[in-house]
Amino acid sequence: MATGRIVKALAGYYFVEPDKYEQGAEGPIRCRARGIFKKRGESPLVGDRVDYTEIGGGEGTVDRIHPRSSVLIRPPVANIELAVVVFSVAEPALNLQLLDKFLAFIEHAGIDAVICLTKRDLIDGPDGEEAREAFEAVQRIYPPIGYRTIATCARTGEGVDELREVLGGRLSVVCGQSGVGKSSLLNAAVPGLKLETNAISEKLGRGRHTTRHTELVPVGGGGYVADTPGFSQLDFGELQDADLGSCFREFRELASECKFRGCTHVHEPGCAVTAALAEGRIAQSRYDSYTAFLAEASEKKRRY
């Protein structure tokens, strides 16, 4: 029995990269999961550390899943330490509420996050007003609440070295708005990588998904990045009202000062969050996102 990490899942197979390659080994071991996992209602995930048995010919079986530090359901990946949330400054237009939605899910999963802004070169173009406004809004709102932001351009290479440094030595997932150039950015950050990319549909104003399965891509320094189909469904059906407040960093820090335990930060007297909003210490767009998500969660509970 040996130990390794699942780096790809495809068509019922789990491709395990051994911790130590034997001399002459050509790549990951293609494994099936033992039946015991199905009986337990468990499934191996990309990112899992596992014990496996090689049965010859590059084939094997996954025998045991090691304890996980984190789990994402959509995309199905385990042990992620960092989420790189990729949005463009324009083309498509930056949607702050969607950005907040990604960040809320990542906070709920207990994973650190970095915001990566692509297409930085559009700021300097003839139609750069929209891009500049989006860029300035992100810089104004998110670094003060603890989110590192990186401005990048896959075409010119701006910010690529900084992104590569962030990815080194950790398991990361790249997610974000469709059509913002995630695959192009990874291709620029990882020499030799040739992920499929698609141009933005002019009719729809967004890109088509080019990634159809989850796979860990080595990025150097012992790091891997999960190139995934992304968060296919972002809904708050499983979150309680108090949980949602904890998914906003600036709310979480103020919650202990609220008069009532379990404050929803909407209508209660003595709420530290609404007080901070009135004083301009919380961005209006962040609070608007929070109340929209709260309404979405309530509507989902009402229907189901």
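Remember, it's a predicted structure, so these values are computed and weren't measured experimentally. Within any chain, residue numbers begin from 1 and follow the written order of that chain's sequence. In keeping with the predicted nature of the model, local features appear solely for residues at pLDDT of at least 70, side-chain atom pairs appear and are counted solely at 80 or more, and the whole-chain, interface and lining totals rest on all residues. Values reported for side chains reflect all heavy atoms of the structure, with hydrogen atoms and water molecules removed beforehand.

A. Geometry of the overall build of the protein. Secondary structure summary: the protein contains 9 helices and 13 strands in total. Burial classes: relative accessible area under 20% of the type maximum marks a residue as buried, over 50% as exposed, and values in between as partly exposed (1.4 Å probe, protein chains only). Looking at the protein residue by residue over its 304 residues, the buried ones come to 48%. In this analysis, two residues are considered to be in contact whenever any of their non-hydrogen atoms come within 4.5 Å of each other. Long-range contacts, defined here as pairs at least 24 residues apart, represent 64% of the contacts in the protein between residues at least 6 apart. Only DSSP runs of H or I covering at least 4 residues are called helices, and only runs of E covering at least 2 are called strands; the numbering of each starts at the N terminus.

B. Seen up close, the confidence of the model for the protein. Each residue carries a pLDDT score, the predictor's confidence in it, ranging from 0 to 100. Mean pLDDT over the protein works out to 85, with 85% of the residues at or above the 70 mark. Per-element confidence in the protein is highest for helix α8 (residues 272–278), whose mean pLDDT is 97, and lowest for helix α6 (residues 241–246), whose mean pLDDT is 80.

C. Quick look at the nonpolar core. Residues enter a nonpolar core if they are buried and are Ala, Val, Leu, Ile, Met, Phe, Trp, Tyr or Cys, with the set joined through side-chain atoms within 4.5 Å. Counting residues in each nonpolar core, the largest one holds 47 residues, and the members touching the most others are Val85, Leu99, Leu103, Ile115, Leu117 and Tyr142. Broken down by element, the residue count for this core peaks at 5 residues, all from helix α3 (residues 129–141). When sequence neighbours within four positions are dropped, the list of residues in contact with Ile115 reads Val85, Leu99, Leu103, Val138, Tyr142, Tyr147, Arg148, Thr149 and Ile150. Judged by nonpolar contacts, the second largest core, of 19 residues, contains Val114, Cys116, Leu163 and Val180.

D. View of a negative patch on the surface. Nonpolar side chains (Val, Leu, Ile, Met, Phe, Trp, Tyr) within 5 Å and like charges within 9 Å form the patches, drawn only from residues with over 30% relative accessible area and no salt bridge. Calculation of accessible area relied on Shrake-Rupley with a 1.4 Å probe; when residues are assessed, cover is drawn exclusively from the protein chains displayed. Salt bridge criterion: a side-chain nitrogen from Lys or Arg within 4 Å of a carboxyl oxygen from Asp or Glu. Counted as positive: Lys and Arg. Counted as negative: Asp and Glu. His and the chain ends are not counted at all. A charged residue contributes its charge at one atom only: NZ of Lys, CZ of Arg, CG of Asp or CD of Glu. Negative charge collects at one region of the surface, where Glu91, Asp127, Glu129, Glu130, Glu133 and Glu136 lie side by side. By relative accessible area, which is 46% here, Glu136 ends up partly exposed.

E. Structural view of the environment of Asp19. Here Asp19 lies in the loop between β2 (13–18) and β3 (29–33). Looking at Asp19, the relative accessible area reads 44%, which means it is partly exposed. With 15 residues separating them along the chain, Asp19 and Gly4 place their C-alpha atoms 4.8 Å apart. Once residues lying within four places of it in the same chain are set aside, the contact partners of Asp19 are Thr3, Gly4 and Arg49. We define a polar contact as two N or O atoms separated by no more than 3.5 Å, with the added condition that, inside protein, one atom must be a possible hydrogen donor and the other a possible acceptor, whereas residues neighbouring each other in sequence contribute only through side-chain atom pairs. One polar contact links Asp19 to Arg49, side chain to side chain, over a distance of 2.7 Å.

F. Region of the structure containing the environment of Pro18. Within the secondary structure, Pro18 is located in strand β2. What makes Pro18 buried here is its relative accessible area of 11%. Between the alpha carbons of Pro18 and Gly4 there is a distance of 4.1 Å; along the sequence they are 14 residues apart.

G. Inspection of the pairing of strand β11 (residues 171–176) at higher detail. Among the 6 residues that make up β11, 6 are buried, leaving the element largely enclosed by the rest of the structure. Both faces of β11 are covered, namely the face carrying Leu171, Val173 and Cys175 and the face carrying Ser172, Val174 and Gly176. As paired strands, strand β8 (residues 82–88) and β11 are joined by 5 bridges and run parallel to one another. Bridge assignment links Val86 to a residue of β11, and that residue is Gly176. Two strands pair under a simple rule: DSSP has to find at least two bridges between them.

H. Summary view of the packing of aromatic side chains. In summary, the pairing rule links any two rings of Phe, Tyr or Trp, Trp by its six-membered ring, whose centres are within 6.5 Å, and it sorts them by plane angle into stacked for under 30 degrees, edge-to-face for over 60 and tilted for everything else. Overall, the coordinates contain 8 aromatic pairs when judged by the stated rule. Where Phe251 meets Tyr287, the ring centres are 6.3 Å apart and the plane angle is 45°; that geometry is what we call tilted. You can see Phe251 sitting in helix α7 (residues 249–254) and its partner Tyr287 sitting in helix α9 (residues 284–303), a full 36 residues away along the chain. With a relative accessible area of 0%, Phe251 lands in the buried category. Look at Phe251 and Tyr290: their rings are 5.0 Å apart centre to centre, the planes differ by 75°, and that puts the pair in the edge-to-face class. Pair noted here: Phe251 is in helix α7 and Tyr290 is in helix α9, with a separation of 39 residues, a long-range link. Assigned by exposure class, Phe251 and Tyr290 land together as buried. In textbook terms, an aromatic cluster arises when at least three aromatic residues are bridged by ring pairs, as seen for Phe248, Phe251, Tyr287, Tyr290 and Phe293. The ring of Tyr13 carries the charged tip of Arg30 above its face, separated from the ring centre by 3.9 Å. Think of it as a cone above the ring: NZ of Lys or CZ of Arg counts as a charge over the ring if it is within 6 Å of the ring centre and within 35 degrees of the ring normal. The ring of Tyr13 carries Arg32 above its face, with NZ or CZ at 3.8 Å from the centroid.

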